[in-house]
Amino acid sequence: MEQQVTVVIIEDHPVVTEGVTSWIRSDPGQRVRLVETARDLTGLHSARQPSADVIILDLELGGELVTTQIPELVGAGYRVVAFSGHSDPAIVIATLDNGAHAYVSKEEGRDHLVEAVLAAAADRPYVTRSQARAMLADQEPTRPLLSQQEQQALLLWFQGMSKASVGRRMSISENTVRQYISRARAKYAATGRTAASKDALLARAIEDGVLKPGEIVQYKSFASGGAD
Amino acid sequence: MTAVQPTALMSGRYQRAFTLAVIFLVVSWHLAGAGGQLLHNRADYSSFAFQGAMWLVMALAIAAGSVLALRGTPSWRSAWTVAVITLAASTAAAAASPANDMLAVNWAWGTAGWTGLLVLLRRRFGELACFLAAEAAATLSVQLWDGLHRTDLAGFLAVLAWSTGAQVAVAAGVRALDVAADQAAAAARSEHAARERAATAEIIQAAREARWLALQESAAPLVAELAAGTADPGDLQVRIRCAVQAARLRRLLAEGDEVPGSLVHELHASADVAERRGVAVEIETAGPLPQVPRLARRVITDAAIAILTDARSQARITLAAVAAGIAVSFVADTGAGVQLPAAAEGVTIQHQQDDGMFWAEARWNSR
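Sequence order sets the numbering: in each chain, residues are counted from 1 along the sequence as written. Following the order in which they are written, the chains are lettered starting with A and the ligands numbered starting with 1. The model is predicted, so local features are restricted to residues of pLDDT at least 70 and side-chain atom pairs to those at 80 or more, both for listing and for counting; the totals for chains, interfaces and linings are taken over all residues.

A.B. asks: Any chance you could break down the overall build of chain B for me, citing the residues and the numbers?
C.D. replies: Put simply, DSSP H or I for four residues or longer makes a helix, DSSP E for two residues or longer makes a strand, and each gets a number counted from the N terminus. Across its full length, chain B carries 10 helices and 5 strands. The exposure label follows from counting other C-beta atoms within 10 Å of a residue's C-beta, where the C-beta atoms are placed from the backbone and the thresholds are 20 or more for buried and 12 or fewer for exposed, leaving partly exposed in between. Taken across its 367 residues, chain B has 32% of its residues classed as buried. For chain B, the share of sequence-separated contacts (at least 6 apart) that also reach a separation of at least 24 residues comes to 70%. We call two residues in contact when the distance between their C-beta atoms, placed using the backbone, is within 7 Å.

A.B. asks: A description of the overall build of chain A should follow, citing residues and the corresponding values.
C.D. replies: Summing up its helical and strand segments, chain A has 11 helices and 7 strands in all. Evaluated residue by residue, chain A yields a buried proportion of 45% over its 228 residues. Contacts in chain A between residues far apart in sequence, at least 24 positions, make up 67% of those at least 6 positions apart.

A.B. asks: Residue-level account of the interface of chain A and chain B, with values.
C.D. replies: Every contact between the two is made by 11 residues of chain A and, on the other side, 13 residues of chain B. Here the term charged refers only to Asp, Glu, Lys and Arg, the term nonpolar to Ala, Val, Leu, Ile, Met, Phe, Trp, Tyr, Cys and Pro, and the term polar to all other amino acids, Gly among them. Grouping the amino acids of the side of chain A that touches chain B by side-chain chemistry returns 5 nonpolar, 3 polar and 3 charged.

A.B. asks: Summarise the sheet that holds strand S1 (residues 5–10) of chain A; cite the residues concerned and give the values.
C.D. replies: Residues and elements named next belong to chain A. When DSSP finds two or more bridges between two strands, those strands count as paired. Here 5 strands make up an open sheet; going across it, the order is S2-S1-S3-S6-S7 and the pairing parallel. Two strands bound the open sheet, and with one partner strand each, they are strand S2 (32–38) and strand S7 (102–105). Across the sheet, the mean angle separating the axes of adjacent strands is 25° when strand polarity is ignored. Working convention: axes come from line fits to C-alpha atoms, limited for helices to the stretch in contact. Angles between N-to-C directions cover 0 to 180 degrees.

A.B. asks: Break down the packing of helix H7 (residues 148–159) of chain A against helix H9 (residues 174–189) of chain A for me, with residues and values.
C.D. replies: All names here are of chain A. Remark: H7 packs on H9, axes separated minimally by 9 Å, with the N-to-C direction vectors making an angle of 100°. Judged on the interaxial angle alone, H9 and H7 are roughly perpendicular. Across the interface between the two elements, Gln-149, Glu-150, Ala-153, Leu-154 and Trp-157 from H7 touch Val-177, Tyr-180, Ile-181, Arg-183 and Ala-184 from H9. Within the contact of H7 with H9, the residues separate by chemical class into 7 nonpolar, 1 polar and 2 charged. Throughout, the term roughly parallel applies to angles under 35 degrees, roughly antiparallel to angles over 145, roughly perpendicular to angles from 65 to 115, and oblique to all others.

A.B. asks: Describe the sheet that holds strand S4 (residues 347–354) of chain B, with residues and values.
C.D. replies: Residue and element names in this part refer to chain B. With mixed pairing, 5 strands are arranged side by side in an open sheet as S1-S2-S3-S5-S4. This sheet does not close on itself; its edge strands, each paired only once, are strand S1 (280–286) and S4. With direction set aside, neighbouring strand axes in the sheet form an average angle of 15°. In this structure, strand S3 (residues 325–333) lies alongside strand S5 (residues 357–365), joined through 9 bridges in antiparallel fashion. The partner of Val-328 across the bridge, within S5, is Ala-362. Of the strands in this sheet, S1, strand S2 (314–322), S3, S4 and S5 touch helix H10 (residues 294–310), which is tilted by about 175° from S5.

A.B. asks: If you had to explain the environment of Thr-95 of chain A to someone new, which residues and values would you point to?
C.D. replies: Residue and element names in this part refer to chain A. Considering the arrangement of structural elements, one finds Thr-95 in helix H4 (residues 89–97). Sequence separation between Thr-95 and Gln-69 is 26 residues, and the spatial gap between their C-alpha atoms is 9.8 Å. If sequence neighbours within four positions are ignored, Thr-95 has contacts with Leu-59, Thr-67, Ile-70, Ala-82, Ala-100 and Tyr-103.

A.B. asks: Got a sec to walk through helix H6 (residues 129–137) of chain A? Specific residues and values, please.
C.D. replies: Counting buried positions along H6 of chain A gives 9 out of 9 residues, so the element sits mostly inside the fold. Arg-129, Ser-130, Gln-131, Ala-132, Arg-133, Ala-134, Met-135, Leu-136 and Ala-137 of chain A are the residues of H6 of chain A that are buried.

A.B. asks: Tell me about helix H5 (residues 109–121) of chain A, residues and numbers included.
C.D. replies: Residues and elements named next belong to chain A. Between the first and last C-alpha of H5 there are 17 Å, a value that for 13 residues agrees with the 18 Å anticipated at 1.5 Å per step. Those residues of H5 that fall on the buried side of the exposure criterion are His-112, Leu-113, Val-114, Ala-116, Val-117, Leu-118, Ala-119, Ala-120 and Ala-121. Looking at the buried residues of H5, the elements they touch are S1, helix H1 (14–25), S2, strand S3 (54–58), strand S6 (79–84) and S7. Of the residues flanking the end of H5, it is Asp-123, one or two places downstream, whose phi is positive at about 60°. In this scheme, a helix's expected span is set at 1.5 Å multiplied by one less than its residue total.

A.B. asks: How would you explain unusual backbone geometry if you had to name every residue and give the values?
C.D. replies: With phi around 60°, Asp-123 of chain A is a residue other than glycine that occupies positive phi space. Mapping Asp-123 of chain A onto the fold places it in the loop between H5 and H6. The backbone phi angle of Asp-355 of chain B is positive, close to 50°, even though this residue is not glycine. Counting through the fold element by element, Asp-355 of chain B comes out in the loop between S4 and S5.

A.B. asks: Lay out the confidence of the model for chain A in plain terms, naming residues and giving numbers.
C.D. replies: All names here are of chain A. Confidence scores here are pLDDT values: one per residue, from the predictor, ranging 0 to 100. Summary statistics for chain A give a mean pLDDT of 86 and a share of 92% for residues scoring 70 or more. Here helix H11 (residues 213–224) stands out as the element of chain A with the lowest mean pLDDT, 54, in contrast to H7, whose mean of 95 is the highest. Below a pLDDT of 50 lies the segment residues 217–228, which in the model reaches 8 contacts outside its immediate sequence neighbourhood of four places, other chains included.

A.B. asks: So, the nonpolar core: which residues are in play, and what are the values?
C.D. replies: Connectivity within a nonpolar core runs through C-beta atoms within 7 Å, and the core itself is a set of buried Ala, Val, Leu, Ile, Met, Phe, Trp, Tyr and Cys residues. Counting 106 residues, the largest nonpolar core has Ile-56, Val-81 and Val-117 of chain A together with Ile-307, Leu-308 and Ala-315 of chain B as its most contacted members. The leading source of residues in this core is H10 of chain B, at 9 residues. Once residues lying within four places of it in the same chain are set aside, the contact partners of Val-81 of chain A are Val-54, Ile-56, Leu-57, Ala-100, His-101, Ala-102, Val-104, Ala-116, Val-117 and Ala-120 of chain A. Within the second largest apolar cluster, 35 residues are counted, among which are Ile-62, Ala-69, Ala-83 and Phe-131 of chain B.

A.B. asks: So what about the pairing of S6 of chain A? Which residues, and what values?
C.D. replies: All names here are of chain A. Most of S6 sits out of view: 6 of its 6 residues are buried. By the alternation rule, side chains of S6 split into Arg-79, Val-81 and Phe-83 and Val-80, Ala-82 and Ser-84, which are all buried. Across 5 bridges, the pairing between S3 and S6 is parallel. Note on S6: the bridge partner recorded for Val-54 is Arg-79. Strand direction decides the pairing type here: S6 and S7, joined by 4 bridges, are parallel. Paired with Phe-83 across the strands is Val-104, a residue of S7.

A.B. asks: Break down the packing of helix H9 (residues 262–276) of chain B against H10 of chain B for me, citing the residues and quoting the values.
C.D. replies: All names here are of chain B. Across the interface, H9 lies against H10 with an axial gap of 9 Å and an inter-helix angle of 25°. Here H9 lies roughly parallel to H10, going by the angle between them. Along this stretch, H9 crosses H10, giving a crossing that reads as right-handed. Seen from H9, the contacting residues are Ser-262, Leu-263, Glu-266, Leu-267, Ser-270, Ala-271 and Ala-274; seen from H10, they are Arg-297, Ile-300, Thr-301, Ala-304, Ile-305, Leu-308 and Thr-309. Split into classes, the residues belonging to the contact of H9 with H10 amount to 8 nonpolar, 4 polar and 2 charged. Handedness of a crossing follows from how the near helix is turned relative to the far one, being left-handed for an anticlockwise turn of less than a right angle and right-handed for a clockwise one.

A.B. asks: An account of the confidence of the model for chain B is requested, with residue identities and associated values reported.
C.D. replies: Low-pLDDT portions of the prediction should not be read for the details of their coordinates. Residue and element names in this part refer to chain B. Mean pLDDT over chain B stands at 83; residues scoring 70 or higher make up 92%. Mean pLDDT across the elements of chain B ranges from a minimum in helix H4 (residues 102–105), with 74, to a maximum in S3, with 94. Segment residues 1–5 is flagged for pLDDT under 50; beyond a separation of four residues in sequence, or across chains, it makes 5 contacts in the model. Taken together, the chains of this predicted complex give a pTM of 0.59 and an interface ipTM of 0.85.

What follows is the structure in C-alpha cells.
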C-alpha cells in the first residue's frame with residue numbers, strides 16, 4: 001500500500017479552501033490526505049518540523065503577493081504548488097524561480113491540482129497549460145534555451161490539445177511528449193536562484209532519464225557565456 | 001505629433017524671415033552707411049588703415065552674428081562674444097578718430113549697435129538694453145577723454161536718440177512680429193486639427209459604407225430568404241448560416257474600432273455569438289503579439305467563425321507569438337464538418353481531428 005501524500009492548504013478565501021478540499025476527497029485513489037488548512041503563513045513559520053509533504057499556496061494572501069516567501073517554505077522542507085488567479089507570465093516565472101514545483105491557475109484546479117500535488121511530492125515536473133503559456137511568453141534574457149521540439153510540444157499543449165493529440169501532431173509517442181515538456185520544465189529548475197526543491201527536481205529528472213547531466217552542464221556553460 | 005509639426009515649422013519660418021530682414025538691415029548699414037562714411041572722411045583719420053582694419057573686424061563680427069542668428073537663439077556665450085568684439089572695435093575706432101571731430105567722422109557706433117541687436121534680438125530685452133547702454137557709455141568716455149564741450153554733448157545726445165532709438169524700435173517691432181507669428185501658428189494648428197478630425201470622420205464613414213456593402217452581399221440575401229419563407233428557421237443549415245452571418249456582423253463592427261490588439265478584439269467579437277449559444281469560449285495569449293494586417297486578420301477570424309459556429313459546448317482560442325509571426329489556434333468539440341477558409345494573405349491553416357476534439361492552427365508569417 002502506497003503511503004498517502006500529506007498536504008496543507010494556505011488560502012484566505014474559505015470558499016476556495018472548500019473547493020480544493022472536495023477535489024482532494026473526490027480523488028478515486030484517495031492518494032492525498034489533507035492535514036491542515038490556514039488563512040496565512042504564520043502557523044507554518046513557527047513549526048519546527050514540516051507538517052506535510054506539500055503546500056497548496058494561494059499566491060495572494062490578504063491582498064499581498066507571497067511569491068517571495070516561497071524560498072523560506074522550501075528551505076523548511078515543504079514542496080510548494082502555487083494555486084492562483086494571477087496568470088501573469090512574469091508572476092508564474094518568478095514563482096517557479098523561487099522554488100515552487102508547479103503553478104496551477106484557479107481555472108485549472110479541478111483537472112490538475114491533485115495531480116500537481118502528487119508530482120510535487122515525487123519531485124517530478126508538472127506543467128499546466130498556464131505554466132506552458134508563461135514559459136512560451138518568457139522574454140527574460142536568463143531564460144533557458146529550449147529545443148525546437150520542446151517548444152513545439154509546449155505550444156501545442158498550451159493551445160489545448162491532449163498530450164495524445166500533441167503526439168499525433170508531432171508524430172511521436174505520448175510518452176515522448178511528456179518527456180519534452182518535462183525536460184523544458186527541468187531546464188527551468190537549472191536556472192536562476194538555487195533552491196533545494198529545484199535541485200531535487202533536477203536530480204529526479206536525471207534519475208528518470210528526462211534530462212542527461214550533460215544537458216544541464218551544456219546549458220549552464222551557455223548561460224555563463226553571456227547573452228548570445 | 002503630426003499636428004504640431006507643420007505649425008511649429010510655420011512659426012519658425014516667420015521668425016527666420018524677420019531674422020533675415022534684420023541681417024539685411026545690418027549688412028546694408030555696414031556697407032552703405034558705415035562704409036560710405038569711412039571712405040568719405042578717409043582724409044580726416046590719423047590712420048585710415050587702422051579704421052579700415054576695424055571696419056573689417058566688424059564685418060567679420062556681422063558675418064559670425066548672422067550665422068548665429070540664423071541657427072536660432074544664440075547662446076549667452078556666443079552672443080556676447082560677438083557683441084563684445086564689435087563694442088571693442090567700435091570704441092577703438094572712436095578713440096583713434098580726431099579728438100575735436102570725433103562724432104562727425106565716427107562710422108562705427110551705428111554698426112556696433114545693429115550688430116549687437118542682431119545677436120541679442122531673441123535673448124532677454126535687458127541684455128540688449130545693457131549692450132546699448134555700454135556702447136553709449138563707451139562713446140561718451142572717449143569724448144570725455146578727448147575733452148568734452150557742450151556742443152559735443154548735444155551731438156552725442158542727438159546721435160544717441162537717432163541711432164539707439166531706431167535700434168530699440170526695430171527690436172520691439174521684431175518681438176511683436178514673433179508674437180504675431182506664434183498666434184498665427186496656433187490658429188493654423190487648431191485649423192489643422194479640425195481638418196484632421198474631418199478626414200478621420202471621412203475614413204470612418206467610408207469604413208461604414210464598406211461594411212454595409214459587405215453585408216448586402218452576404219446577410220441581405222439570407223434575410224430576404226427568411227422573409228420570403230424559402231429558408232426554414234427549423235433547418236439546421238439555415239440556423240448555421242444565420243449564426244455565421246451574425247458573427248460576421250459583429251466582426252465587421254469590431255473591425256471599425258482600431259484598438260491595440262485588434263485581432264484579440266475581433267476574435268472576442270467572433271466568439272460572442274457562440275457564447276450566446278452557451279458555448280464556453282476561452283481566449284488566451286502568450287508573448288508580445290505582432291500587429292497583423294487587416295486582410296490576414298479576416299482570414300483568421302473567418303476560421304474562428306467557422307469553428308465556433310460548429311462548436312458544441314467548449315472552445316479554446318490561443319494566440320502565441322512565434323518566430324516572425326503569430327500562431328492562432330482553436331480547439332473545440334466539433335465534428336468533421338468544419339469548412340475552413342483557404343490559405344491567403346500570408347495565413348496558412350492546419351487542422352487535425354482527434355475523436356470528438358477538433359484542432360486547427362492559423363499561422364500568419366510576416367515574411
